[in-house]
Amino acid sequence: MIDRDRFPVDPWRLVERRFSLDDIGVTETLFSVGNGYLGLRGNQPEGRFGHEQGTFINGLHETFPIHHAEQAYGFAEVGQTIVNAPDAKVMRVYVDDEPLSFDLAEIVEYERTLDMRDGVLRRELVWRTPSGKRVRIHNSRMVSFEEKHLAVMAVTVTVLDGDAPVTVSCQLVNRQDSAGVYSGTTGANKKAGFDPRKAERIEERVLVPQDHWQEGARSVLSYRVAASGMTLAVVADHAIETENPYDVKTLVDPDIAKNVYRVQAKAGVPITVTKLVSYHASRGVPPHELIDRGRRTLDRAGSIGVAELETRQRAWLDAFWERSDVRIAGHDDLQQAARWCLFQLAQATARTDGLGVPAKGLTGSGYSGHYFWDTEIYVLPFLAYTTPTWARNALRMRVLMLPAARRRAFQLNEAGALFPWRTISGEEASAYYAAGTAQYHINADVSFALAKYVRATGDVEFLHREAVDIAVETARLWATLGFWREEIDGEDTFHIHGVTGPDEYTTVVNDNLFTNVMARFNLRFAARTVTEMAEDDPHAYARMVERLDLNADEPGFWERAADAMHIPYSQSLGMHPQDEVFLEREVWDLENTPPEQRPLLLNFHPLVIYRYQVLKQADVVLALFLQGNHFTDEEKLADFEYYDPLTTGDSTLSAVVQSILAAEVGYQDLALEYFRESIYVDLDDLHHNASDGVHVASAGGVWTSLVCGFGGMRDHFGELTFDPRLPASWPELSYSLTWHGTMLRITVRRDEMIVSADAGAPVDFRVRGVAYTIGGGGEVVIPLIGQGPRRPGRPTLRMFADARREDGTLLSASVPTLTTSLPVVTSPVPTAPGEVHAPLDA
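Keep in mind that this is a model prediction, so the values were computed, not measured.

(A) Region of interest: the overall build of the chain. Along the chain, the regular secondary structure elements total 18 helices and 34 strands. A compact globule built from 842 residues should have a C-alpha radius of gyration of about 28 Å, and the chain, at 28 Å, falls within 12% of that. Taken along the three principal axes of its C-alpha coordinates, the chain extends 95 × 75 × 65 Å. Counting every position in the chain, which comprises 842 residues, the buried fraction comes to 61%. Intrachain contacts of the chain at a sequence separation of at least 6 include 67% that bridge at least 24 residues. A total accessible area of about 30,900 Å² is found for the chain, and carbon and sulfur atoms account for 51% of it. Of note, the chain has its 82 positive side-chain charges centred 5 Å away from the centre of its 117 negative side-chain charges.

Rendered as structure tokens:
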């Protein structure tokens, strides 16, 4: 549904040829630039008419007390939300003292581009002023990947057909605490109402002014964050190049600094103003020290020069694309979207440098800038296989969170550590425990990501030196959270009760399959890691034992608990229930749910949703992918066919996983449909909340869909295997992987798979069960017969029309309704007031 006249297809650029105020929030997100530490939304440089005039620094946050209507022990007490840092993007142009304002201006030509090869946002327009003069304005904006604290902006103004006074007003504005035209959100942001995905709003002052001054062309603002105590400084240098006469006026107040260039412009003589801006934040360093750091950043950038900074940016991105690009032959539209997603991953993760990856990156305030488990499951695989250093940095964030995680586990009466479901500081910030804290699976997700990183890179030094603490402390939590139960046949089984899986439409259940399967992995990984350390690195093992007070019996207990882990299974339906009582619930009839009642979380009370078999996102199906070596092909097919019709896709994390499993089990057309849904989540605003920021985890899932879904890559047990599923309409798919330091370049065609290796150690891998070894500089061509099984259409509830639960009752589907005039009941299940039932074959 993308308007291709306005947003034309270009495999390397996102292009906008017509500006509109109607979807300004979405385009602000789509044209954001950042580097993982600093992010600037794609606001127009005039600084007006923004959905959210956003500038974000990773980790810069405010805290506030969480007020529960009814308090209980262990509830999260302190909320955290990302702070909107002072806005340096404003470079406002006046001609004949008339401002360029998009609500009134006559724009004769317009094009905005985000070039993913050099990471520069550019805008070119021609404005016809009220007096009839034509003015060409060119803007550029870049956040440096090399210099993590640096942003570079420029505007060039040329009056084409007459002389005129031109003013360029460059500003630093504290929008977090300003009102009116200077506030972070203006009249263009009119949407209101409940949405738990949006950031909290704090009415009190957040940024408390500290030092502010100007010295020549340099402006400085600095602040202390009121409650969190964090500190911030922004320093900006300005320079003008023109042959026209001009003068300069400056102003600085605690919340605004202006460098204003007043030029007597001659026709055809350009005016270029360049702004170099440095942002530094800290959890305790005094503002004056941050100012000094900012000055050093700008002094260095000034000596390098803007041209050289742009050259280095291009070289940095050339290297990124060399190891990260995925090429889809014959489909430039998908190629553009795929590269945009991969570019977002670079912008969200490259310079996190030990910080987390916010759910929206640094492109918006959605989800309050919090870190979730999404990073470990959906983003870390991309990082581990393309830029392992970034993956290691993200995992170090979890190492640094361990002290807070240990306190949280103790608070919840468990041993070890419990990572927060959502956080910035490391403390739990979820006010709703049922769909938040109860998602204990985050512990296993973090350990799973650690294992994937170590197996892909061979970086046992990092594991043995400090990351082993994650494995041990998370395993300890499962050991006390779970319990033993003796079954009728005398076998002891291990159970985990009172948890929530990834599906937030089903909460606080017993033996959630995803949680149990991932906990089993976590326990085994921890046991094997410490056992191997004892044998291979006794000195590191001894330090770890002393540091963690590890008992010699613990690894053995973890192994026994993992081996005895209860995995729910329904013999009558031949599939895995999502939890122990999932099948006892009624089935939600999604096919007959009115579109205006979607997404469910915005239209139904949680208690209504919790009574039904209905999924916000893949749960069991995600387990089938992550731990696919523990399920047979038949089990995967049966589970996928059962859960796919029950999955709403209300979460942007769902389509990517459904695409991967659909491809594996043979629903290949459906796999492509889900893939297209995931790749356009933000570009086509499919969930109507792209204005709040990029869905970074979904972007990571796009890479996984391409490489693991259609490319067929798996790495179970640390063994590299491939079983491609190339879509019928794709002539070729190419991607790169780095395995233990050797880059592999893989091309999949309908009848062959080509693997070539750069310099490095030999790599062993399998393709459809056949073993191969490739040496550095080598190439292997593997013939392929077909692209796996093919099943038409998609699974529906009608496939289970005659299915019965374990107790013999038939499954039936219904939609909650307030109608008092009920139709005749055709289901064998009695109809309760407020429900309309129908048999699954209706």
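(B) Up close: the nonpolar core. Trp558, Tyr642, Leu706, Phe722 and Trp730 are the most contacted members of the largest nonpolar core, which totals 229 residues. Those residues within four positions of Trp558 in sequence are excluded, and the remaining contacts are Val472, Ala475, Arg476, Ala479, Leu523, Ala526, Ala527, Val530 and Leu550. Judged by nonpolar contacts, the second largest core, of 14 residues, contains Val120, Val152, Val235 and Leu276.

(C) Representation of helix H17 (residues 668-679). With 12 residues, H17 extends 16 Å between its outermost C-alpha atoms, agreeing within 8% with the 16 Å of an ideal straight helix rising 1.5 Å per residue. All buried positions along H17 are accounted for by Gln668, Leu670, Ala671, Leu672, Tyr674, Phe675, Ser678 and Ile679.

(D) Region of interest: empty space enclosed by the protein. The full count for this structure, using the stated rule, is 8 cavities of 30 Å³ or more. Taken as a whole, the largest cavity holds about 110 Å³ of empty space. Secondary structure elements with two or more residues in the lining of the largest cavity: strand S10 (120-128), strand S11 (134-143) and strand S12 (150-159). By residue class, the composition of the lining of the largest cavity is 5 nonpolar, 5 polar and 5 charged. Looking at the second largest cavity, its volume works out to about 70 Å³.

(E) Structural view of the sheet that holds strand S15 (residues 218-225). The sheet built from 9 strands is open, its strands ordered S1-S9-S10-S11-S12-S19-S16-S15-S14 with antiparallel pairing. This sheet does not close on itself; its edge strands, each paired only once, are strand S1 (13-16) and strand S14 (207-215). Mean inter-strand twist for the sheet, computed between neighbouring axes without regard to direction, equals 15 degrees. The pairing of S11 with S12 spans 9 bridges and is classified as antiparallel. Across the sheet, the residue bridging to Arg141 is Met153, located in S12. Sheet strands touched by helix H3 (residues 306-324): S11, S12 and strand S19 (271-282). Its angle to S11, the strand with the most contacts, is close to 60 degrees.

(F) Here's a closer look at the packing of helix H10 (residues 513-536) against helix H12 (residues 554-563). Between H10 and H12, the least distance of the axes is 8 Å, while the angle of their chain directions is 150 degrees. Viewed along their axes, H10 and H12 adopt a mutual orientation that is roughly antiparallel. The element H10 and its partner H12 pack so that their crossing is left-handed. Of the residues in H12, those touching H10 at Arg520, Leu523, Arg524, Ala526, Ala527, Arg528 and Val530 are Pro555, Trp558, Glu559, Ala561, Ala562 and Asp563. Looking at the contact of H10 with H12, its residues break down into 8 nonpolar, no polar and 5 charged.

(G) Structural context of the pairing of strand S27 (residues 732-739). Where burial is concerned, most of S27 is hidden: 7 out of the 8 residues are buried. Here strand S20 (residues 326-328) pairs with S27 via 3 bridges, running antiparallel. For Val326, the partnering residue across the bridge sits in S27 and is Tyr735. With 8 bridges connecting them, S27 and strand S28 (residues 742-749) associate as antiparallel partners. Paired with Tyr735 across the two strands is Ile746, which belongs to S28.

(H) The arrangement of the packing of helix H9 (residues 460-481) against helix H11 (residues 538-548) in detail. With their axes 10 Å apart at the nearest point, H9 and H11 run at an angle of 45 degrees to one another. Viewed along their axes, H9 and H11 adopt a mutual orientation that is oblique. Pair H9 / H11 crosses with right-handed handedness. Contact residues: H9 offers His464, Arg465, Val468, Asp469, Val472, Glu473 and Arg476, while H11 offers Ala540, Met544, Arg547 and Leu548. Per-class residue counts for the contact of H9 with H11 are 5 nonpolar, 1 polar and 5 charged.

About the thresholds
- Residues numbered from 1 in each chain as written.
- Predicted model: local features only at pLDDT ≥ 70, side-chain atom pairs only at ≥ 80, totals over all residues.
- Heavy atoms only, no water.
- Helix = DSSP H or I, 4+ residues; strand = E, 2+ residues; numbered from the N terminus.
- Rg over C-alpha atoms; globule rule 2.2 N^0.38 Å.
- Buried < 20%, exposed > 50% of the residue type's maximum accessible area, 1.4 Å probe, protein only.
- Contact = heavy atoms within 4.5 Å.
- Areas by Shrake-Rupley, 256 points an atom, 1.4 Å probe, with all protein chains shown as cover.
- Lys, Arg positive; Asp, Glu negative; His and termini not counted.
- Charge placed at Lys NZ, Arg CZ, Asp CG, Glu CD.
- Core = buried A, V, L, I, M, F, W, Y, C linked by side-chain atoms within 4.5 Å.
- Expected span 1.5 Å × (residues − 1).
- 1 Å grid on protein atoms, 1.4 Å probe; cavity = no way out; pocket = protein on both sides within 12 Å on 5 of 7 lines; lining within 4 Å.
- Points joined across faces, edges and corners; volume = space filled by probe spheres on them.
- Nonpolar A, V, L, I, M, F, W, Y, C, P; charged D, E, K, R; others polar.
- Pairing = 2+ DSSP bridges.
- Axes fitted to C-alpha atoms, helices over the stretch in contact; angles between N-to-C directions.
- Parallel < 35°, antiparallel > 145°, perpendicular 65-115°, else oblique.
- Left-handed = near helix turned anticlockwise from the far one by under 90°.

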